[in-house]
Amino acid sequence: MLIPNSQLCQWVAESSVRANARNSEHIRQIIDTFEHTGLVVDSNSEKSKCIQNIANAHRELIVGSAYSELERTVIFGVSAPQCDAFPMYYQETPCIIVFDGLLQLVRFNTDLQILIALLNEKVTEQTIDVNGEGMSIALAMSLAGHVALTESIDTGHQLMDITAVLGPNAMQRSEYGYGAAVIFYVLHELGHLVCGHLDQGFVSERMSIDTAVREGINKNQKMEFEADSYALSCIHPNVRNPIISSLVFALGPFAFLETFRGGLDKNHPLTVNRIAELARQVDFPDEPELAEAVLSVVTSEVNRFERLAEDRRLNDGNIQQRIRNTMTLPMAYETMDKVGNHIKENFGTLDF
Ligand SMILES: [Zn+2]
């Protein structure tokens, strides 16, 4: 199935209706790129096949009814830096468009979160010199990751590959987390289609990173919660519990960014709240250890958010500038290199 470029441009333009000025400018650039390349959205393209293969590979995780819904839906992967996915109808066929930026973001974040967890376990005291200040290696890596993620969203900058320092078990866990995250996003967009959100005034706002908002549930945020619940209900009950920790990787990049800069747009609930809500919907009658592990992930996300919320309050709602003053993009890359070399010299690779 082919979708003409003009149609994609129109969708992207329509979805920017409520976006702020800076975001609109970003969208304009994306539309320009599409127009200049004459790109046609093709369900047989390499990018589209890649997403479809992930969905197929996870077929056994998904309940039958959800899989039939998914089979009726055409999934497109698009080579564009946007960190987004959205649902649409084209000639009455339900479609899900996934931009490459989202996949890169999830890949990078999945590796990064695993790496930070392993670093926190192994190097508690060691510091690295960032801008003349000693900083714990794990914190330096976390800040560098934040800067790299932010810049990639702002500029479409390619994220660096940090998998080289992960051992085989960590790699395997990262691969699983990445796959579960991607399928969750696909199911979330399917949820918008199945729940009829497109007829209810749903707006797929492009990520608007400069908009810090206080949490208040509006109609669109309710639809986002609804699509999350739908996605969760699509996961087979037998595997719903183990999958829940991987969902943190699906939402993790946004939770991670929000801890530093507040809510990302007006139409999505705060990510910590999305994670908490998903965790609330999972039942762990015979698995107290897993229940505890999930609760501790949610609690640590919430705590991190609250710690930095106070910091943001003291800094006019945004600590972005302070982070940028502490660590610029070149420094973030340098820090990641330094930490990478430190790991190679001292541990070879990091693994579970
Ligand atoms: Zn959504």
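Keep in mind it's a predicted model, so treat the numbers as computed, not measured.

**Looking at helix α3 (residues 46-57)**
A rise of 1.5 Å per residue sets the reference length of α3, with its twelve residues, at 16 Å; its end C-alpha atoms lie 16 Å apart and thus fit the reference within 8%. Of the residues making up α3, those classed as buried are S48, I51, I54 and A55. Relative to the axis of α3, the buried residues are bounded by an arc of 125° and lie together on one face. Relative to its buried face, α3 has exposed residues pointing more than 90 degrees away, namely E46, N53, N56 and A57. Packing partners of the buried residues in α3 comprise β2 (41-42), α4 (64-72), β3 (74-78), β5 (93-99) and α7 (168-194).

**Some points on the packing of α7 against helix α8 (residues 219-234)**
Packed helix pairs are characterised by how far apart their axes lie and by the angle those axes make with each other. For the pair α7 and α8, the least separation of the axes is 7 Å and the interaxial angle reads 120°. Here the hand of the crossing between α7 and α8 comes out right-handed. Residues F184, L187, H188, G191, H192 and V194 of α7 form the contact with α8, whose participating residues are M223, E226, A227, D228, Y230, A231 and C234. The residue makeup of the contact of α7 with α8, split by class, is eight nonpolar, three polar and two charged.

**A word on unusual backbone geometry**
We note that Q91 has phi near 45°; this positive angle belongs to a residue other than glycine. By secondary structure assignment, the location of Q91 is in the loop between β4 (85-90) and β5. C-beta crowding within 10 Å serves as the criterion here: with 8 such atoms nearby, Q91 is assigned to the exposed category. Located in the positive-phi region is E92, a residue other than glycine, with phi close to 70°.

**Observations regarding the pairing of β5**
Extensive coverage of β5 is indicated by the burial of six of its seven residues. When β4 meets β5, the two strands line up antiparallel, connected through six bridges. When the bridges of β5 are listed, F86 appears paired with I97. The antiparallel pairing of β4 with β5 creates a hairpin that spans two residues between the two strands, and Q91 there sits at a positive phi of about 45°.

**Some remarks on the sheet that holds β3**
With respect to topology, three strands assemble into an open sheet ordered β3-β5-β4, the strand pairing being mixed. The strands lining the two open edges of the sheet, one partner per strand, are β3 and β4. Strand after strand, the sheet turns through a mean of 25° between neighbouring axes, direction not considered. Packed on one face of the sheet, α3 meets β3 and β5 and runs near 130° to β3. On the sheet, α7 packs against β3, β4 and β5 and is oriented at approximately 45° with respect to β4.

**A few points about the packing of α8 against helix α10 (residues 271-280)**
Taken N-terminus to C-terminus, the directions of α8 and α10 make an angle of 40°; their axes are 10 Å apart at the nearest point. Relative to α10, the element α8 lies oblique. Of the two elements, α8 crosses α10, and the hand of that crossing is right-handed. Here F225, D228 and L232 of α8 lie close against α10, whose contacting residues are R274, E277 and L278. Taken together, the residues that form the contact of α8 with α10 break down as three nonpolar, no polar and three charged.

**Things to note about α10**
Along α10, seven of the ten residues are buried, which leaves the element largely enclosed by surrounding structure. Listed in full, the buried residues belonging to α10 are T271, V272, N273, R274, I275, L278 and A279.

**Description of the nonpolar core**
Formed by 88 residues in total, the largest nonpolar core has its most connected members in V98 and L115. Ranked by the residues each element gives to this core, the list is headed by α7, at 13 residues. Those residues in contact with V98, other than ones at most four positions away along the chain, are I51, I75, F76, G77, A85, L103 and Y185.

**Concerning the confidence of the model for the protein chain**
Averaged over the protein chain, the pLDDT score is 78; the fraction of residues at 70 or greater is 79%. This stretch, residues 17-22, has a pLDDT under 50; its non-local contacts, to residues over four places away or in other chains, come to twelve contacts. Low pLDDT, under 50, characterises residues 205-215; the predicted model gives this stretch 41 contacts beyond four residues in sequence or across chains.

Cut-offs applied
Residues numbered from 1 in each chain as written. Predicted model: local features only at pLDDT ≥ 70, side-chain atom pairs only at ≥ 80, totals over all residues. Helix = DSSP H or I, 4+ residues; strand = E, 2+ residues; numbered from the N terminus. Expected span 1.5 Å × (residues − 1). Buried ≥ 20, exposed ≤ 12 C-beta atoms within 10 Å, placed from the backbone. Arc of directions from axis to C-beta. Contact = placed C-beta atoms within 7 Å. Axes fitted to C-alpha atoms, helices over the stretch in contact; angles between N-to-C directions. Left-handed = near helix turned anticlockwise from the far one by under 90°. Nonpolar A, V, L, I, M, F, W, Y, C, P; charged D, E, K, R; others polar. Pairing = 2+ DSSP bridges. Parallel < 35°, antiparallel > 145°, perpendicular 65-115°, else oblique. Core = buried A, V, L, I, M, F, W, Y, C linked by C-beta atoms within 7 Å. pLDDT = per-residue confidence, 0-100.

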